[in-house]
Each structure stands twice: as structure tokens, then as C-alpha cells.
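Examining the three-dimensional arrangement
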Amino acid sequence: QAERQMLRAAKLVEARGATLALLNRQYSDWDQTYAYMRGDDPGFAESYLDEAYMRSIGLHFVALIDNKGTINWSRLYSSQGEKLALEDDLLEPLSMSHPLVSAAVANKTVQGVWQLKSGLLFVVSQPVRRSDGSGLPLGVFVTGYYMDNALLGLVADQADVSVQIFDFEWNEHTRRLA
């Protein structure tokens, strides 16, 4: 029974990731996003990235990051709704080798858990391409939500299993576990 419950919990998290990837793709594979990343549409974010809508569908994080790791535009909200500055919340600077950014160079979708100072985010990063898929990716469109008690409670209720995330300090011994 425990194995079945854990499988159900994993499938719920996977389904949320698939939904997030679908939403993300609407922006990452879009000529307007591509034009913004090329520098041709400076009003893109104001016109198309409605923060109230993003928050209403449960997103805590949205960012456009170029291939070098430069944050062109971002919004990050705590799980309590407080606006945060992504640059101040990073544990390490972004660069072209960061897994979220290198997705653009590899022209692949990356999804997983990203640790920020404010908590764990489940994120999806997809290359910014033209609507027809042509052209080199100009960066990544990244979206995410906190893996907070509300999410864990939802998974626990639907999978009928207890779910917890433990916070501990990384050091030379615990890094070997990862």
C-alpha cells in the first residue's frame, strides 16, 4: 500500500509539472517573446505578463533569462504574496552553465526543484523560440511555484500519504548524498 501511495504522490507532482510545462510553452514558443529577448519589443512584459493572472493560477515565479544567465525580466513572490527580488534570493549567481539556463543552449525543457533563499521552487525552464520553432533559442522562459505546506498538503490529501520536506544544512558530507 505504501508503494502505491508514493507512486500516486509522484504522479500528482509529475502532473503538476506537465501542466506548468504546458503553460510555460505558450510563452516560450511565441514570436512576441522571441522579439522581446532579441530586444525588439521592450513593452512585452507589461503587455503580456499579467502578474495578477500569474498569481491567480498559483505561480510564484516567472522569469526571462538570456543564454548568458542575465535576468531580463522576473517576478518572484513569497508563498505569502510578498514581492521579492530574484537577484537577492539566489543562493548562487546564474550563468550559462546553470541547469535552468543551459536548457536554452541544449534546446530542451528542464524541470525540477530549485533552492532559493526563500524556499524550494518547482520550476520548468524552456528555451525561447519563435512560434514555428525556427531560429536559435535566445534564452529561457522559467515558471515555478513553491513546494510549500499548501502544495504538500494537497499531495498528501490526494495520495493519502504523509509528505514532508526536511530542511538541513549542506556540507561536505551531505553533498555526497545528493
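Scroll up to find the structure this text is about.
Presented here is an overview of the structure given in this document. Just so we're clear, the structure is a prediction, and the values are computed from it rather than from any experiment.

**A look at the nonpolar core**
Counting residues in hydrophobic clusters, the biggest one holds 21 residues, and the most contacted among them are Leu49, Leu64 and Phe141. Where this core is concerned, the elements lending two or more residues are helix H1 (2-28), helix H2 (31-38), helix H3 (44-48), strand S1 (61-66), strand S5 (119-127) and strand S6 (139-146). Excluding residues that lie within four positions of it along the chain, Leu64 makes contacts with Thr33, Tyr36, Met37, Phe44, Leu49, Thr70, Ile71, Asn72, Trp73, Val128, Val140 and Phe141. Among the nonpolar cores identified, the runner-up in size contains 19 residues, and Leu76, Leu121, Val140 and Tyr146 belong to it.

**Brief notes about empty space enclosed by the protein**
A complete count under the given rule lists one cavity of 30 Å³ or more for this structure. As a volume, the largest cavity reaches approximately 60 Å³. Considering the residues around the largest cavity, the lining is formed by Leu49, Asp50, Glu51, Met54, Arg55, Leu59, His60, Phe61, Val62, Trp73, Arg75 and Tyr77. Of all the secondary-structure elements, those providing two or more residues to the lining of the largest cavity are helix H4 (51-56), S1 and strand S2 (71-77). Classifying every residue of the lining of the largest cavity by side-chain character gives seven nonpolar, one polar and four charged.

**Comments concerning the pairing of S5**
With eight of nine residues buried, S5 is to be regarded as a mostly interior element. As paired elements, strand S4 (residues 110-116) and S5 share seven bridges and run antiparallel to each other. Directly across from Gln115, in S5, lies its bridge partner Leu120. With antiparallel pairing between neighbouring strands as the criterion, S4 and S5 make up a hairpin whose turn holds two residues.

**Some points on the packing of aromatic side chains**
Applying the stated rule across the entire model yields eight aromatic pairs. A centroid spacing of 5.2 Å and a plane angle of 15 degrees characterise the contact between Tyr27 and Phe141, whose relative ring orientation is stacked. In this pair, Tyr27 is assigned in helix H1 and Phe141 in strand S6, connecting sequence segments 114 residues apart. Taken individually, Tyr27 and Phe141 each receive the classification buried, so the pair is uniform in this respect.

Calculation notes
- Residues numbered from 1 in each chain as written.
- Predicted model: local features only at pLDDT ≥ 70, side-chain atom pairs only at ≥ 80, totals over all residues.
- Heavy atoms only, no water.
- Core = buried A, V, L, I, M, F, W, Y, C linked by side-chain atoms within 4.5 Å.
- Buried < 20%, exposed > 50% of the residue type's maximum accessible area, 1.4 Å probe, protein only.
- Helix = DSSP H or I, 4+ residues; strand = E, 2+ residues; numbered from the N terminus.
- Contact = heavy atoms within 4.5 Å.
- 1 Å grid on protein atoms, 1.4 Å probe; cavity = no way out; pocket = protein on both sides within 12 Å on 5 of 7 lines; lining within 4 Å.
- Points joined across faces, edges and corners; volume = space filled by probe spheres on them.
- Nonpolar A, V, L, I, M, F, W, Y, C, P; charged D, E, K, R; others polar.
- Pairing = 2+ DSSP bridges.
- Phe/Tyr/Trp six-rings, centres within 6.5 Å; stacked < 30°, edge-to-face > 60°.

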